[in-house]
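Per-entry structural report
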Amino acid sequence: MRFKKNIITGELAKGTSWLTLGNVVSRLLGAIYVIPWTLMLGILSLQANTLFGKGYNVYQLFLMMSTVGLPSAVAKYTSVLVGKEKDLFLEKAFQLSLFSGLLFGVIFWILAPILAVGDINLIPVLHSLVPAVIIFPFLSVLRGKFQGQLDMEILAKSDIIEQLIRIVYMLLSAFSILDIFHGNWVNVVIQSTFAAFIGALAAIIYLLYKLYFSRSEQIHLFSKNKLSKNSSFANSFKSFLPIVKQSIPFVFIGGFLTFYQWIDQYTFFPLMRIFHPDFPQIQLEDIFGRFNFNANKLIMLIVSLAMSVASTILPIISKNSSNLKETRNSIARGIKMLIAIISPSALIMYALAKPIYIIFYGKYGSLQDFVPIVQVSALLSVFMSSVLLAMILQGIGKTRVVIKAIIYGIIFKILFQPFLIIAFPMLGAMMATFVGLIVSTVTMFVFIEINYHVSQDVEAGFLSSTFVSSIIMFALVCISDYFIQLFVSDSRIGQFLPCLISSLIGLFIIIKCYKTNGILDEILTK
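A brief structural summary. (Residues numbered from 1 in each chain as written. Predicted model: local features only at pLDDT ≥ 70, side-chain atom pairs only at ≥ 80, totals over all residues. Heavy atoms only, no water.)

**Some words on the overall build of the protein**
For the record, the criterion: Under the scheme used here, helices are H or I runs from DSSP no shorter than 4 residues and strands are E runs no shorter than 2 residues, and both carry numbers assigned from the N terminus. Buried means the residue's accessible area, taken with a 1.4 Å probe over protein chains only, is under 20% of the maximum for its type, while exposed means over 50%, and partly exposed covers the values in between. The Shrake-Rupley method, run with a 1.4 Å probe sphere, supplies the accessible areas, and residue values consider only the shown protein chains as cover.
Of the regular secondary structure elements, the protein holds 21 helices and 0 strands. Counting all 526 residues of the protein, 58% fall into the buried class. Split by element, the accessible area of the protein, about 22,100 Å² in all, is 70% carbon and sulfur.

Shown next as structure tokens:
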């Protein structure tokens, strides 16, 4: 039994390591490109980022609808099915992905003028994202297959390749449009969003190579393989409907963070015009761009760490869902890894909000225009990471609990949105998101605790050591940043020094504290 437990925890640690590498490198690339991109655009970069963010908010929801939740569903069933049953499931999933991508791509193109809500510049941006919607479901099924087999190294490399190719295209097209053809910033945004298709195509080519050539596997998209009538899954694949039915909850759950961004995109401007009519439109655009896209992109570096743990824990929990003790151990281990990673990450971003934002986006405006937004976002990332709890509940077949928790959160977000925007014009929408995520997180954790008593394995000593270590790190990083700021300018280059030195100090301190308290061994080798 102990040997089996070691295998499970070893798979979790190894898988998390690769996914952490892939997600973090991918997110870093997705954030670092902003520096040269905004430098080329100069003072127009905030407008361009806002338009980019509006397009991506709409695109992400269509992306999730077009994938029909297939990545998580494929990962789950690939881990439990064998032989012809697995082959047929994958074949049907691939077929569905091709149909779904084309269907939602057409719908997206047709609805673009309506979804733009009067923003003429947004329509061509949405149209440029249609090709990515069409091919992304196919890419998602490929990734789901490798995830279900715990081939996290291949999964991580595909993420990095996708992001790298996307960014290269973005920067080259921006340079060409601005410096060679002397085009405008709207065309830069259009090509930058089209880059999503270029990146996805590169990732598909890599995964197909690993699937067919490197691993000598063959999955025929339109084969005539049939299962016997006695097969438990034979009747399920007479049509695509069963796959869709299994996958729909994954769409809703996987997109719950995007739902919050949609609520902001379509309610922030009307509510601000009603309650704060003295704010000019250009200022509203700036505020929205800073919290809904700029700060959100930064904190997704933190959330990606939670996604790494969550994506690995799903197939492992699915395999052991019938064993209460093993399930509880896996859940507890996932939660401890999450707490140990997210707590210091969120605090260090809170402490270094000023230098981090200026390095990526420049100082266009006063500190009060963006520092509080980044700080609130850093705290928000802790509850955004509740995606781990959602994946845990999915793994043990409690999808309805997750959906209810998310619905409760969205309801609270909508209810509190007007009141918090009245009280806090710049931060109100983010605070309403805070309320909604807290409600969802508490709802999910209470269910897990009642049914699996994970608090027995998440020791108070571990929690206190983690939080004390994080607070010590936070205090010293704040002190370091304060003194270094006395000697540097507020330029990108000037802010690089306090960010680098203070973050390295924070990293050293947290590793030292974790090692001293045994937390490092707890999350890596236990």
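**Considering the side chain of Lys 354**
Worth spelling out the cut-off: Two N or O atoms form a polar contact when they lie within 3.5 Å of each other; inside protein one atom must be a possible hydrogen donor and the other a possible acceptor, and for residues adjacent in sequence the pair counts only when both atoms belong to side chains. Whether two residues are in contact is decided by their heavy atoms: any pair within 4.5 Å suffices.
With respect to the secondary-structure elements, Lys 354 resides in helix α14 (residues 353–361). Judged by its relative accessible area of 17%, Lys 354 falls in the buried class. Among the polar contacts made by the side chain of Lys 354, one reaches the side chain of Gln 485 at a distance of 3.3 Å. Dropping the residues within four chain positions of it, Lys 354 is found in contact with Leu 367, Phe 370, Val 371, Gln 485, Asp 490 and Gln 495.

**Considerations on the pattern of salt bridges**
Under the convention used in this document: Here a salt bridge means any side-chain nitrogen of Lys or Arg lying within 4 Å of a carboxyl oxygen belonging to Asp or Glu.
Tallied over the full model, the rule gives 8 salt bridges. Between Lys 413 and Asp 264 there is a salt bridge; the shortest N-O distance is 2.7 Å. On the criterion of sequence distance, the pair formed by Lys 413 in helix α17 (residues 399–423) and Asp 264 in helix α11 (residues 256–275) is long-range, its members being 149 residues apart. No difference in accessibility class separates Lys 413 from Asp 264, as the two residues are buried. Here Asp 490 makes a salt bridge to Lys 354, at a shortest N to O gap of 2.9 Å. One end of the pair, Asp 490, is in the loop between α19 (460–485) and α20 (492–517); the other, Lys 354, is in helix α14, and 136 residues separate them in sequence. Exposure remark for Asp 490: the relative accessible area of 27% places this residue in the partly exposed category.

**Some points on helix α13 (residues 324–351)**
The line we're drawing: What a helix should span is 1.5 Å times the count of its residues minus one.
Over its 28 residues, α13 extends 41 Å from the first C-alpha to the last, a length consistent with the 40 Å expected when each residue adds 1.5 Å. By the criterion of burial, α13 is predominantly enclosed, with 24 of the 28 residues buried.

**Overview of unusual backbone geometry**
Phi angles above zero are rare outside glycine, and His 182 is one such case at about 55°. Its location among the elements puts His 182 in the loop between α8 (152–180) and α9 (185–214). Exposure remark for His 182: the relative accessible area of 64% places this residue in the exposed category. For His 453, which is not glycine, the phi torsion reads 50° and is therefore positive. Assignment of secondary structure puts His 453 in the loop between α18 (428–452) and α19. A residue is classified by how much of its surface remains accessible, and His 453, at 37% relative accessible area, is partly exposed.

**Focus: the environment of Gln 368**
By secondary structure assignment, the location of Gln 368 is in the loop between α14 and α15 (371–384). Gln 368 sits 58 residues away from Met 426 along the chain, and the two C-alpha atoms are 9.9 Å apart.

**What about the nonpolar core?**
The test is simple: In plain words, nonpolar cores are sets of buried Ala, Val, Leu, Ile, Met, Phe, Trp, Tyr and Cys residues tied together by side-chain atoms within 4.5 Å.
Counting residues in each nonpolar core, the largest one holds 154 residues, and the members touching the most others are Trp 37, Tyr 59, Phe 108 and Phe 268. Among the elements that make up this core, the one with the highest residue count is helix α12 (residues 281–319) (15 residues). Ignoring any residue separated from it by four or fewer positions in sequence, one finds Trp 37 in contact with Ala 48, Asn 49, Phe 52, Met 170, Leu 171, Ala 174, Val 188, Val 189 and Ser 192.

**Regarding the packing of aromatic side chains**
Worth spelling out the cut-off: Under the pairing criterion, centres of Phe, Tyr and Trp rings, with the six-membered ring standing for Trp, must be within 6.5 Å; the plane angle then separates stacked pairs below 30 degrees from edge-to-face pairs above 60, leaving the rest tilted. Criterion for a charge above a ring: Arg CZ or Lys NZ at most 6 Å from the ring centre, at most 35 degrees from the ring normal.
Per the stated rule, a full pass over the model turns up 22 aromatic pairs. A centroid spacing of 5.6 Å and a plane angle of 35° characterise the contact between Phe 194 and Phe 197, whose relative ring orientation is tilted. One end of the pair, Phe 194, and the other, Phe 197, are both in helix α9, 3 residues apart, so they sit about a helical turn from each other. A relative accessible area of 18% places Phe 197 in the buried class. A centroid spacing of 6.5 Å and a plane angle of 45° characterise the contact between Phe 360 and Tyr 361, whose relative ring orientation is tilted. As far as the burial class goes, Phe 360 and Tyr 361 line up, both buried. Here the aromatic cluster, defined as three or more aromatic residues joined through ring pairs, consists of Tyr 33, Trp 37, Phe 52, Tyr 56, Tyr 59 and Phe 293. A cation sits over an aromatic face here: Lys 145 above Phe 146, 5.4 Å from the ring centre. For the cation-ring pair, Lys 336 lies above Phe 462, with the distance from its terminal atom to the ring centre recorded as 5.5 Å.

**A few points about helix α3 (residues 45–67)**
End to end, α3 covers 31 Å across 23 residues, agreeing with the expected 33 Å (1.5 Å per residue, within 8%). Here α3 lies mainly inside the structure; 20 of its 23 residues are buried. Downstream of α3 by one or two residues, Val 68 has phi in the positive range, about 50°.

**A few points about the packing of helix α16 (residues 387–395) against α17**
Formally: Where helices are involved, their axes are fitted lines through C-alpha atoms of the stretch in contact, as for all axes, and angles between N-to-C directions lie from 0 to 180°. Here the word oblique covers every angle except those under 35 degrees (roughly parallel), over 145 (roughly antiparallel) and from 65 to 115 (roughly perpendicular). Gly falls in the polar group here, along with every residue not listed as nonpolar (Ala, Val, Leu, Ile, Met, Phe, Trp, Tyr, Cys, Pro) or charged (Asp, Glu, Lys, Arg).
Where α16 meets α17, the closest approach of the two axes is 7 Å, and the angle between their N-to-C directions is 150°. The orientation of α16 with respect to α17, classified from their angle, is roughly antiparallel. Only Thr 399, Val 401 and Val 402 of α17 make contact with α16, whose side of the interface consists of Ala 390, Leu 393 and Gln 394. Grouping the constituent residues of the contact of α16 with α17 by class yields 4 nonpolar, 2 polar and no charged.

**Quick word on the packing of α11 against α17**
Put simply, the rule reads: Rotating anticlockwise by less than a right angle from the far helix to the near helix defines a left-handed crossing, while the corresponding clockwise rotation defines a right-handed one.
It is at 10 Å that the axes of α11 and α17 come closest, and there the two elements cross at 25°. One way to sum up the angle between α11 and α17 is to call them roughly parallel. Note on packing geometry: the crossing formed by α11 with α17 is right-handed. Of α17, the residues touching α11 (which contributes Phe 256, Phe 259, Tyr 260, Ile 263, Asp 264, Thr 267, Phe 268, Leu 271, Met 272 and Phe 275) are Ile 406, Gly 409, Ile 410, Lys 413, Ile 414, Gln 417, Pro 418, Ile 421 and Ile 422. Of the residues in the contact of α11 with α17, the class split is 14 nonpolar, 3 polar and 2 charged.

Note that all results are geometric; they support no functional claim without further evidence.
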